[in-house]
Amino acid sequence: SEPGSEEGTGMLQRAAAAAAPKRWWLANSGSAPLLAPAYAAHQRSVPRLPIPPLGETLERYLRAAQPLQTLEEHAITRAAVAQFFDTDGPGLQRLLEEADAALPHDSSYLESLWYRLAYLGPRSPVPIHANPCFTLAPPSRHTPPLERAAGLLAKAAQWAHALRTGTLTAPTAKGGSPLCMALLPAVLGTARIPRQGCDVLHSASAPDAAAVCRRGEWYSVPLFDATGAPLPPATLLDSLKQLPPAAAHAPAVGALTAWRRDEWAEARAALSSSPQNESSLKAIDEALLVLSLDDSAPASPTELARTSLCGDATARWYDKLQLLVFADGQAAINFEHAPQDRDLSPYLPISPHVSQLRARAA
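No experiment lies behind these values; they were computed from the predicted model shown. (Residues numbered from 1 in each chain as written. Predicted model: local features only at pLDDT ≥ 70, side-chain atom pairs only at ≥ 80, totals over all residues. Heavy atoms only, no water.)

### So, unusual backbone geometry
Going by this rule: Secondary structure is summarised from DSSP: a helix means a run of H or I of at least four residues, a strand means a run of E of at least two, and numbering begins at the N terminus for each.
The phi dihedral of Ile128 falls on the positive side, at around 70 degrees, and the residue is not glycine. In this structure, Arg215 takes a positive phi of about 55 degrees despite not being glycine. With respect to the helices and strands, the residue Arg215 is situated in the loop between strand E4 (209-214) and strand E5 (217-222).

### Remarks on the pairing of strand E1 (residues 133-136)
Note the threshold: We call a residue buried when its accessible area falls under 20% of the maximum for its residue type, exposed when it is over 50%, and partly exposed in between, using a 1.4 Å probe and counting protein chains only. What makes two strands pair is DSSP finding at least two bridges between them.
What you see with E1 is no split at all: Cys133 and Thr135 on one side and Phe134 and Leu136 on the other are buried throughout. Of the strand pairs in this sheet, E1 and strand E8 (residues 331-334) are connected by three bridges, and their pairing is antiparallel. Note that in E8 the partner of Cys133 across the bridge is Asn334.

### Observations regarding the pattern of salt bridges
When the charged atoms of two side chains with opposite charge come close together, those side chains can pair. To keep it simple, the criterion reads: By definition, a salt bridge exists where a carboxyl oxygen of Asp or Glu is found within 4 Å of a side-chain nitrogen of Lys or Arg.
On inspection of all chains with the given rule, the structure shows 13 salt bridges. Across the salt bridge formed by Glu336 and Arg192, the nearest N and O atoms sit 2.9 Å from each other. Of this pair, Glu336 sits in the loop between E8 and strand E9 (359-361) while Arg192 sits in strand E2 (residues 190-193), and the two are 144 residues apart along the sequence. Of the two residues, Glu336 and Arg192, both sit in the buried class.

### Some thoughts on the packing of aromatic side chains
Our working definition: Two rings belonging to Phe, Tyr or Trp (six-membered ring only in the last case) form a pair when the distance between their centres is within 6.5 Å. Interplanar angles under 30 degrees mark stacking, angles over 60 mark edge-to-face geometry, and anything in between is tilted.
If you walk through the whole model with that rule in mind, you get five aromatic pairs. On the numbers, 5.8 Å between centres and 10 degrees between planes, the contact of Phe134 with Phe335 is stacked. Of this pair, Phe134 sits in strand E1 while Phe335 sits in the loop between E8 and E9, placing them 201 residues apart in sequence. Just as Phe134 is buried, Phe335 falls in that class too. With centroids separated by 5.4 Å and ring planes inclined at 80 degrees, the aromatic side chains of Trp218 and Trp317 adopt a geometry described as edge-to-face.

### Points about the state of the cysteines
Operational definition: In what follows, a disulfide is any cysteine sulfur pair within 2.5 Å.
Tallying each qualifying case throughout the model produces zero disulfides. Not engaged in a disulfide, the cysteine Cys133 finds its nearest cysteine sulfur in Cys310; these two sulfurs lie 8.4 Å apart. Given the relative accessible area of 2%, Cys133 is considered buried.

### So, the pairing of strand E3 (residues 200-203)
Here is the key point about a regular strand: its side chains alternate between the two faces of the sheet. Burial along E3 is two-sided: Val200 and His202 facing one way and Leu201 and Ser203 facing the other are all buried. Across four bridges, the pairing between E2 and E3 is antiparallel. Across the sheet, the residue bridging to Arg192 is Leu201, located in E3. Once E2 ends, the chain turns through six residues before running back antiparallel as E3, passing Gly197 with a positive phi of about 90 degrees.

### Looking at the nonpolar core
The criterion, for reference: Here, the term nonpolar core denotes a set of buried Ala, Val, Leu, Ile, Met, Phe, Trp, Tyr and Cys residues that are joined through side-chain atoms within 4.5 Å. Here, residues are in contact when the closest pair of their heavy atoms is within 4.5 Å.
Formed by 41 residues in total, the largest nonpolar core has its most connected members in Leu153, Leu188, Leu223, Leu240, Leu289, Leu291 and Leu323. Secondary structure elements with two or more residues in this core: E1, helix H7 (145-165), E4, E5, helix H8 (233-241), strand E6 (289-293), strand E7 (322-325) and E8. Looking at which element gives the most residues to this core, the answer is H7, with eleven residues. Every residue in contact with Leu153, bar those within four places of it in the chain, is listed here: Ala210, Leu223, Leu236, Leu240, Leu289, Leu291 and Leu323. Grouped together as the second largest cluster of nonpolar side chains are ten residues, Cys213, Trp218, Trp264 and Leu281 included.

### What about the packing of helix H3 (residues 54-65) against helix H4 (residues 71-86)?
What counts here: Note on definitions: angles span 0 to 180 degrees between N-to-C directions of axes, and those axes are lines fitted to C-alpha atoms, for helices only across the stretch in contact. By definition in this entry, angles of less than 35 degrees are roughly parallel, angles greater than 145 are roughly antiparallel, angles of 65 to 115 are roughly perpendicular, and the rest are oblique. Helix crossings are classified by the rotation of the near helix relative to the far one: an anticlockwise turn of less than a right angle makes the crossing left-handed, while a clockwise turn makes it right-handed. The classification used treats Ala, Val, Leu, Ile, Met, Phe, Trp, Tyr, Cys and Pro as nonpolar, Asp, Glu, Lys and Arg as charged, and all other residues, Gly among them, as polar.
Axis separation between H3 and H4 bottoms out at 11 Å; the angle between their running directions is 170 degrees. By the angle class used here, H3 and H4 are roughly antiparallel. For H3 against H4, the interelement crossing comes out right-handed. Here Leu54, Gly55, Leu58, Glu59, Tyr61, Leu62 and Ala65 of H3 come into contact with H4, specifically with His74, Thr77, Arg78, Val81, Phe84 and Phe85. Class assignment of the residues belonging to the contact of H3 with H4 gives a composition of eight nonpolar, three polar and two charged.

### Looking at helix H6 (residues 110-120)
The criterion, for reference: This arc is built from the directions going out from the helix axis to the C-beta atoms.
Of the residues making up H6, those classed as buried are Glu111, Ser112, Tyr115, Tyr119 and Leu120. Projected down its long axis, H6 carries its buried residues within an arc of 105 degrees, all on one side.

### Let's talk about the environment of Ala332
Mapping Ala332 onto the fold places it in strand E8. Accessibility expressed as a relative area gives 0% for Ala332, which makes it buried. Expressed as a C-alpha distance, the spacing of Ala332 and Thr135, which sit 197 residues apart in the sequence, is 4.1 Å. Beyond its immediate sequence surroundings of up to four residues, Ala332 is in contact with Phe134, Thr135, Leu136, Ser308, Gln322, Leu323, Leu324 and Phe326.

### A short note on a nonpolar patch on the surface
For clarity, the cut-off: A patch consists of residues exposed above 30% relative accessible area that lack any salt bridge, with like charges linked at up to 9 Å and nonpolar side chains (Val, Leu, Ile, Met, Phe, Trp, Tyr) linked at up to 5 Å. The Shrake-Rupley method, run with a 1.4 Å probe sphere, supplies the accessible areas, and residue values consider only the shown protein chains as cover.
Residues Leu49, Leu110 and Trp114 make up a contiguous nonpolar surface patch of about 280 Å² in total accessible area. Mapped onto the elements of the fold, Leu110 is located in helix H6.

### As for the confidence of the model for the protein
Note the threshold: What pLDDT conveys is the predictor's confidence in a given residue, as a value from 0 to 100.
With 86% of its residues at a pLDDT of 70 or more, the protein has an overall mean of 86. Mean pLDDT in the protein bottoms out at E9, which sits at 30, and peaks at H3, which reaches 98. Confidence over residues 351-362 falls short of pLDDT 50; this stretch has 36 contacts with residues more than four positions distant or in other chains.

Structure, rendered in C-alpha cells:
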C-alpha cells in the first residue's frame, strides 16, 4: 500500500490484530497442559527474543534484497524503504513492541505469525511438506517388533511423567545458557486439527494412553497405572499381544491425514457428525502418541527413511507424533511439526531420556 494512505492505516490495524496477545492456535487454550512449577525459575532465566530497531530491520532487508536486484530495482526498493521509515514504519514498530510486551515471558512477537504462515496456515499435505522423521538406531540385540514397541512406549511414558512431575532435567545450550521449555508439554498429547483456511492445535491435559494402529484398525493402550505412574515394558508388551487380528478391509481413516488440509477438514467434519466417530477421533487426538505397527521391513537405510517419511498412509496418523515400528523391529519417529521445532529433537522422548535412540537420519 502507499505509505501514509488510508490503506496503509488499515495495514497498521491488521498488523495489530495479527500480533494480538492471544494464542488463537490452541483450540483448548483453557485446558492446555502447563509446565510443572519446578521449571518456573528456569523459564524466567530464558532471554526473550528481542525486537530489532526499525532502522536495523530495514537495513537487513536491503542487504538481503540487493543480490536479487538490478541497480535500478534496488534504487527503487531503497527509496520505498526510506519512505516507509518516514511514514508507516514507526507506527508498525510501536504496535509490534506493544503487542510483544503484552505476551507471556515464554512467548514472542513471532509466535502467532509463525504458526499462521509457516505451520498451521499452509494447505499442503503435511507428509514431506512439513513433518520431519527420525530413524532410530537399532538395539544391541535383535528385538521382536512388539517388544521393541513396548520398550519405546514405556520410555515415552517415562519422559512424559518426568516432565509432568518436574524431574526431567531442564535443557541448556552449550555453555550452560538455559533453553526455553514452553513447547515441551505439547510434544506428546497434542494433535493438529484440520480447519478450513487454517488449522488449530488440541493438547490433552493429562494423556494416559497410546493410540495404536494395526493394519488400519485403531486401539487404545493404557500407558500409566491408576496412580499416574508409567507402566513397565512387560505390561505394555502383554497389552500389545492382546490386540485382536485386524480386519481384512479396515477403514484406513489415517490416510485422510495425508490429504490436503482443507479437504481433510471437510472429511473430518463429515466423520464427526457421527457421535461414535467423534469419540474415536477424540481418543486419537488426546492420546499421548500414536504407535503404528507396520507390516513392512525396509531393506536399507534409504528405504527405511523414505518409508518413515511418507510410507503407507493407511497405517499412519500424520497429525500427531507417531512412533513407527516395522515387522523386523526397526523403528522411527514421524511428527507433526507445528507444536515443536526440529531443533527440539535432543529434548524429545528419543534423547537424552532414551539415550540409545540416537537419530541417524531425517
